[in-house]
Structures are given as C-alpha cells and as structure tokens.
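Residue-level structural notes
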Amino acid sequence: DVEPLLTLAEDFELCDGASFELEPTESNVEYLWQDGSNGSTFMANTGGAYWVEGSNACGTVRDSIFITYIPTSSATLDVLACDAYTSPSGLYLWTENGTYQDTLSNALGCDSLLTINLSFSEIDTTVVQDENLLTALSAGLSYQWYECGE
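Analysis parameters
Residues numbered from 1 in each chain as written. Predicted model: local features only at pLDDT ≥ 70, side-chain atom pairs only at ≥ 80, totals over all residues. Heavy atoms only, no water. Pairing = 2+ DSSP bridges. Helix = DSSP H or I, 4+ residues; strand = E, 2+ residues; numbered from the N terminus. Axes fitted to C-alpha atoms, helices over the stretch in contact; angles between N-to-C directions. pLDDT = per-residue confidence, 0-100. Core = buried A, V, L, I, M, F, W, Y, C linked by side-chain atoms within 4.5 Å. Buried < 20%, exposed > 50% of the residue type's maximum accessible area, 1.4 Å probe, protein only. Contact = heavy atoms within 4.5 Å. Phe/Tyr/Trp six-rings, centres within 6.5 Å; stacked < 30°, edge-to-face > 60°. Lys NZ or Arg CZ within 6 Å of the ring centre and 35° of its normal.

Our focus in this paragraph is the pairing of strand β10 (residues 98-105). Across 8 bridges, the pairing between β10 and strand β11 (residues 111-120) is antiparallel. Bridge pairing in β11 links tyrosine 100 to isoleucine 116. Hairpin connection between β10 and β11: a loop of 5 residues separates the two successive antiparallel strands, and glycine 109 in this loop has a positive phi of roughly 85 degrees.

Quick look at the structure:
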C-alpha cells in the first residue's frame, strides 16, 4: 500500500443558491470531512473552506478547497411604454401597468433579478379642425403630418 493521493479541486466561485458535490479523486480510503462526516462525497451549498482527509494503512493526507459564493444581483427599472412591452430576457410580453419580475444572467453568469415598474402612456390622438388648421391635442409629442390630396 501507499499513502493516499487526495485531490478535491481548485478554488472556485459558485452562484448563490447553487450547490456542488465535492468528490475526492482517491478511492479505497476512509474519508473525514470538515463537519465530521465520512461519506465519499460532500455537498457544498454555502461559501467557505472545505477539507477532507483520506486515510489508509499507510497514512493520512488532507486537501482543502475554498468556494466563494457570488450573491444574486438585482436592479429596478422604471419603464414607460406605448403599447406592449417585451421583458429584457425576451420571455415575457406585458400589456398592462404593473410591477413585474424578470431574470437575466449577469457578467459573472449568475442570476440578476430585475424588478420592472411598467406604465403605459395614454396618447390622445384627437385632432381638431378649425377651417384649414389642424391641431393635435397631445402636447410634448412629435408629429408628422401628411397631405392626402388636393
């Protein structure tokens, strides 16, 4: 027999809410994890340091890993739309005022939760004719008028 060779993995980052199964590379050894358990694998679901010892008749070795959890990011958007509004993810189409949720991947590949405060503007399309003068009743808008004949 030889002393066990034990490798977990390199330190890495996980998105908040994800889990990762730590599985040492050595077999035919007895394991002891940082929490006192002795299974052949360990499910990591929070950030921090993890270690495992592997023992056989020739000795005991330890390997450790540090997992950094990246928190979920979030943002709030205030949106004023005219008709229907497609969510930033492209998964939803909204047609009523309200507060909605959408999820995108951020630059780190983790979830970014969006809260969208959506309002639809009411555009008054009324036009008043006074002899040869046409007047649109909505202010603050751009107009393009067409002459449709003589």
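This brings us to the sheet that holds β11. Across the sheet, 3 strands lie side by side as β7-β11-β10; this open sheet has mixed pairing. Single-partner strands in this sheet number two, and they are β7 (73-81) and β10. Each strand axis lies, on average, 25 degrees off the axis of its neighbour in the sheet, ignoring direction.

In this section: the confidence of the model for the protein chain. The predicted model of the protein chain has a mean per-residue pLDDT of 89, with 97% of residues at 70 or higher. Within the protein chain, strand β9 (residues 93-94) carries the highest mean pLDDT (97), whereas strand β13 (residues 133-136) carries the lowest (83).

Ranked by size, the top nonpolar core spans 15 residues in total, and within it Leu22, Trp33, Tyr50 and Ile67 carry the most contacts. Sorting the residues of this core by element identifies β3 (30-33), β4 (42-44), β5 (48-56) and β6 (59-70) as the ones contributing at least two each. Top contributing element to this core by residue count: β6, with 4 residues. With residues up to four places along the chain from it excluded, the contact list for tyrosine 50 reads Leu8, Leu22, Gln34, Phe42, Ala44, Asn45, Asp63, Ser64, Ile65 and Ile67. Formed by 9 residues, the second largest nonpolar core is a distinct cluster that contains Val79, Ala81, Tyr85 and Phe120.

Turning our eyes to something else, we now look at the packing of aromatic side chains. Applying the stated criterion across every chain, the model contains 6 aromatic pairs. Relative to tryptophan 94, the ring of tyrosine 85 lies with its centre 6.3 Å away and its plane at 20 degrees, an arrangement referred to as stacked. Owing to a relative accessible area of 18%, tyrosine 85 belongs among the buried residues under this scheme. Its relative accessible area of 9% is what places tryptophan 94 among the buried residues. Through a chain of ring-to-ring contacts, three or more aromatic side chains come together here, namely Tyr85, Tyr92, Trp94 and Tyr100. In this arrangement the basic side chain of arginine 62 is found over the ring face of tryptophan 51, its NZ or CZ atom lying 3.6 Å from the centre.

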